[in-house]
Amino acid sequence: MELFRKIFRGRASGTSQLAAQAGRDQVTNSAGGFVYALEPMDRVDRFLILGSEGGTYYATERALTLEGALHLATMVRENGMAVVERVIAISEAARAPKVAPAIFALAMCAGFGDEATRRLALGRGLQAVCRTGSHLLLFASYVEQFRGWGRGLRSAVRAWYENKPVGQLAYQFVKYQNRFGFTHRDLMRLAHPVASDEARAALYAWVVRGTVPADAPELGLVRAFEAAKGLADADLESFVALVRDAKLPREAIPSAWLREPDVWEALLETMPLTALIRNLATMTRVGLLTPKSAATRLVIERLHDAERLCKARVHPIAVLSALETYRAGRGARGSGTWKPVDEVVEALDDAFYSAFSAAEPSGARTLIGLDVSGSMSTGTLAGVPGLTPRVAAVAMAMTHVRSEAHADVMAFSDRFVPLAVSRTERLGEVMRRTENLPFERTDCALPMLYALERRLAIDTFVVYTDNETWAGTIHPDEALRRYRERTGLWAKLVVVGMTSTGFTIADPNDPGMLDVVGFDAAAPALVADFSKPAAA
Ligand code: CA
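Source: prediction; values computed, not measured.

**Re the coordination of the calcium ion**
Here's step 1: Bound to the calcium ion are the protein donor atoms Ser373 (OG), Ser375 (OG) and Thr442 (OG1), situated 2.2 to 2.3 Å from the metal.
Here's step 2: The sequence pattern describing where the donors of the calcium ion fall on their chain is S-x1-S-x66-T. With serine 373 in the loop between strand 5 (366-371) and helix 20 (389-403) and threonine 442 in the loop between helix 21 (427-435) and helix 22 (446-453), the pair connects residues that are 69 residues apart, well separated along the chain. Threonine 442 matches serine 373 in its accessibility class, with the two residues each being buried.

Printed below as a string of structure tokens:
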């Protein structure tokens, strides 16, 4: 019968992925395949970095969030100090695309943790993780579900205000007045920060009572902010002068003025890089960014400044998201159209790679396996429209292709899927090709079998997947061991998890297998470090 001939397709046979391997402690994934449970702290990492926004093919956003939060709660109760340290480390290195999961975890530690955990969370944790006024307001909105406004919490918030230099604090207040249902006025009334000098007292009085500070030189920004509100009928020239002199941030500009290219030009002078990246479309739409304009040159220069990108903690996803929106020429929420400037698109493409932590090439012969099966096309990373796990995986694959001398890419579902990727190619083109691939079943053993069949010498397999493998006649780790036996090469496997579930195809007892979180800004560096041959 023809059907019987197709079942094994001449592939290496081993243990069906629908059964557990003998003598190995395996669990079933959401697809019914047998895989491994991710180490509990690695699962915390996935939650902190990937969050749960957009859900997965198998779980709604709500279910995935609940599952991640419950796991986190268990970890906080068992080893809260380690969780806080993890939250601080990931946050300080700007490894996650979004801050919300880290702030949520910190709030949980501040409520559910033991005394030492709570103290660490509210002390060093709050100062390190909540860097902006917006972060603090988000923290306040989360923490109430875990605890009340007792003394510990109130004094932590008080310290947050009191520790910030007054000029910086004024900037935060002007920029983020009201977020997530909280205002700084609300928090100050709870925390009662004490003013150590007149300028600070004047700033607090402005927030709490609305009194515009008269003469403190540190509070020029606040006065300009108030003045800007009253300049509705002013001439453009005096308004632009105000923006330029006071270095007002975009958030402080009444919306009527945001149609003026001259206002944007003044804003651009001191615009933080994250804001610059987010506002490229608007600056193009209002006519400030045109091919070869001075403003365009300035933007490109800043996007090419790798050191500046790193200092501004710009996450590669923010760049990718801006790239996708910008090159489309129209807003996702129907916020007008613009004509993308090619040089800006190219600069964003380059900035994507420089936004990752620098990776020292490993020199390893690397095969990157991209799971492009059906389940990888549902859900989004960091809530970026269109950025499904499989599109995100191919963008990540480009980082290896660009940095490693011997890196090749293969794509698979339950069979090999032709997907050519070259190091000179632009991100957008590669991502577009990925979107149109058919939806099929999943067999994560294929990268190893592919290398065996083609007699490829590989030092490291890097598999980007959601770990929902089930449609194979040999397990991925089993296929790796077979590859090692047949070739005599002790190849390693790095599993880059693209969803924040608790599954992995990596055998936790094998030192040659590693779990990395997809779209960790440190992922390429972690992969390269692990791939380096051990020192002789
Ligand atoms: Ca799948």
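**Quick look at the domain arrangement of the protein**
Here's step 1: Per the domain assignment, the segments of the protein are domain 1 (2-40 + 360-531) and domain 2 (271-356).
Here's step 2: For domain 1 versus domain 2, the distance between C-alpha centres works out to 31 Å.
Here's step 3: Together domain 1 and domain 2 conceal approximately 1,500 Å² of surface at their shared face, both sides included; 68% is due to carbon and sulfur atoms.
Here's step 4: Looking at the side of domain 1 facing domain 2, the largest losses of area belong to Arg426, Leu427 and Phe519, adding up to 36% of the total buried there.
Here's step 5: There are three salt bridges connecting domain 1 and domain 2.
Here's step 6: Residue aspartate 349 pairs with arginine 426 through a salt bridge whose shortest N-O separation is 3.4 Å.
Here's step 7: Where the side of domain 1 that touches domain 2 is concerned, the elements lending two or more residues are helix 20 and helix 21.
Here's step 8: Class assignment of the residues belonging to the side of domain 1 that touches domain 2 gives a composition of twelve nonpolar, two polar and five charged.

**Considerations on the environment of tyrosine 58**
Here's step 1: Among the secondary structure elements, tyrosine 58 is positioned in the loop between helix 2 (40-50) and helix 3 (61-92).
Here's step 2: Each C-alpha atom of the pair tyrosine 58 and asparagine 29 lies 9.9 Å from the other, and the pair is 29 residues apart in sequence.

**Looking at the sheet that holds strand 11 (residues 513-517)**
Here's step 1: Spatial ordering of the open sheet is given by 7-6-5-8-9-11, a layout of six strands whose pairing is mixed. Among the strands making up the open sheet, the edge pair consists of strand 7 (416-417) and strand 11.
Here's step 2: Taken together, the two bridges between strand 6 (residues 407-412) and strand 7 define a ladder with antiparallel strand orientation. Paired with phenylalanine 412 across the bridge in strand 7 is phenylalanine 416.

**Focus on the packing of helix 8 (residues 166-175) against helix 11 (residues 220-230)**
Here's step 1: It is at 9 Å that the axes of helix 8 and helix 11 come closest, and there the two elements cross at 20 degrees. Here helix 8 lies roughly parallel to helix 11, going by the angle between them. Residue-level inspection shows Ala170, Tyr171 and Val174 of helix 8 in contact with helix 11, the latter providing Leu221, Val222 and Phe225.
Here's step 2: Across the contact of helix 8 with helix 11, the residue classes break down as six nonpolar, no polar and no charged.

**Section: the nonpolar core**
Here's step 1: In this structure, Phe139, Tyr161, Leu248, Leu276 and Leu370 are the most contacted members of the largest nonpolar core, which totals 156 residues.
Here's step 2: No other element matches the ten residues that helix 3 contributes to this core.
Here's step 3: If you count residues domain by domain, this core takes at least three from each of domain 1 (2-40 + 360-531) and domain 2 (271-356).
Here's step 4: With residues near it in sequence (within four places) discarded, phenylalanine 139 still touches Ile103, Leu106, Ala107, Ala110, Leu122, Leu126, Cys130 and Leu153.
Here's step 5: Among the nonpolar cores identified, the runner-up in size contains 26 residues, and Met410, Met448, Val463 and Leu480 belong to it.

**Some points on the environment of valine 194**
Here's step 1: One can find valine 194 in the loop between helix 9 (184-191) and helix 10 (198-209).
Here's step 2: C-alpha separation for the pair valine 194 and glutamate 162, spaced 32 residues apart in sequence, amounts to 7.1 Å.

**Some thoughts on the environment of alanine 392**
Here's step 1: Its place among the elements puts alanine 392 in helix 20.
Here's step 2: Of the residues examined, alanine 392 reaches a relative accessible area of 0% and is grouped as buried.
Here's step 3: It is 8.3 Å that separates the C-alpha atoms of alanine 392 and glycine 518, two residues lying 126 residues apart in sequence.
Here's step 4: Those residues in contact with alanine 392, other than ones at most four positions away along the chain, are Leu381, Leu387, Met498 and Phe519.

**Observations concerning the pairing of strand 9 (residues 492-497)**
Here's step 1: The buried fraction of strand 9 amounts to six of the six residues, a majority that puts the element mostly inside the structure.
Here's step 2: Side chains of strand 9 alternate between two faces, with Lys492, Val494 and Val496 and Leu493, Val495 and Gly497 buried alike.
Here's step 3: Judged from the six bridges that link them, strand 8 (residues 460-465) and strand 9 form a sheet pairing that is parallel. Within the sheet, the bridge partner assigned to valine 462 lies in strand 9 and is valine 494.
Here's step 4: Where the polypeptide runs from strand 8 across helix 23 (residues 476-487) and back to strand 9, its parallel neighbour, the crossover connection is right-handed.
Here's step 5: For strand 9 and strand 11, the ladder comprises five bridges, and the chain directions are parallel.

**Let's talk about helix 20**
Here's step 1: For helix 20, built from 15 residues, the straight-helix expectation of 21 Å at 1.5 Å per residue is met to within 8% by its first-to-last C-alpha distance of 22 Å.
Here's step 2: Along helix 20, 13 of the 15 residues are buried, which leaves the element largely enclosed by surrounding structure.

**A few points about the pattern of salt bridges**
Here's step 1: This model, assessed by the stated rule, comprises 28 salt bridges.
Here's step 2: Between arginine 433 and glutamate 425 there is a salt bridge, with the nearest N and O atoms lying 2.7 Å from each other.

**Quick notes on the sheet that holds strand 10 (residues 503-504)**
Here's step 1: Ordered by their spatial adjacency, three strands build an open sheet running 1-2-10, and the pairing between neighbours is antiparallel. Edge positions in the sheet fall to strand 1 (27-28) and strand 10, since each has one partner strand and no second.
Here's step 2: By the bridge criterion, two bridges tie strand 2 (residues 34-37) to strand 10 in an arrangement that is antiparallel. Paired with tyrosine 36 across the bridge in strand 10 is threonine 504.

**With respect to the packing of aromatic side chains**
Here's step 1: Under the defined criterion, the tally for this structure stands at 16 aromatic pairs.
Here's step 2: Centroid distance tryptophan 160 to tyrosine 161: 5.4 Å. Interplanar angle 90 degrees. Geometry classified as edge-to-face.
Here's step 3: Among the residues examined, tryptophan 160 registers a relative accessible area of 0% and is labelled buried.
Here's step 4: Judged by its relative accessible area of 0%, tyrosine 161 is buried.
Here's step 5: A centroid spacing of 5.9 Å and a plane angle of 45 degrees characterise the contact between tyrosine 161 and phenylalanine 173, whose relative ring orientation is tilted. Residue tyrosine 161 is found in helix 7 (residues 151-163), and its partner phenylalanine 173 is found in helix 8; the two are separated by twelve residues along the sequence.
Here's step 6: An aromatic cluster of three or more residues is present, and its members are Phe47, Phe104, Phe112, Tyr142 and Phe146.
Here's step 7: Looking at arginine 77, its charged tip hangs above the ring of phenylalanine 112, at a distance of 4.8 Å from the centre.
Here's step 8: Arginine 484 extends its terminal NZ or CZ atom over the ring of tryptophan 490, reaching a point 4.3 Å from the ring centre.

The rules behind each value
Residues numbered from 1 in each chain as written. Predicted model: local features only at pLDDT ≥ 70, side-chain atom pairs only at ≥ 80, totals over all residues. Heavy atoms only, no water. Donors = N, O, S within 2.8 Å, 3.2 Å for Na, K, Ca; no water. Helix = DSSP H or I, 4+ residues; strand = E, 2+ residues; numbered from the N terminus. Buried < 20%, exposed > 50% of the residue type's maximum accessible area, 1.4 Å probe, protein only. Domains from an automatic or database assignment. Buried area = accessible area lost by both parts, 1.4 Å probe. Salt bridge = Lys/Arg side-chain N within 4 Å of Asp/Glu carboxyl O. Nonpolar A, V, L, I, M, F, W, Y, C, P; charged D, E, K, R; others polar. Pairing = 2+ DSSP bridges. Axes fitted to C-alpha atoms, helices over the stretch in contact; angles between N-to-C directions. Parallel < 35°, antiparallel > 145°, perpendicular 65-115°, else oblique. Contact = heavy atoms within 4.5 Å. Core = buried A, V, L, I, M, F, W, Y, C linked by side-chain atoms within 4.5 Å. Right-handed = clockwise from strand over helix to strand, strands pointing away. Expected span 1.5 Å × (residues − 1). Phe/Tyr/Trp six-rings, centres within 6.5 Å; stacked < 30°, edge-to-face > 60°. Lys NZ or Arg CZ within 6 Å of the ring centre and 35° of its normal.

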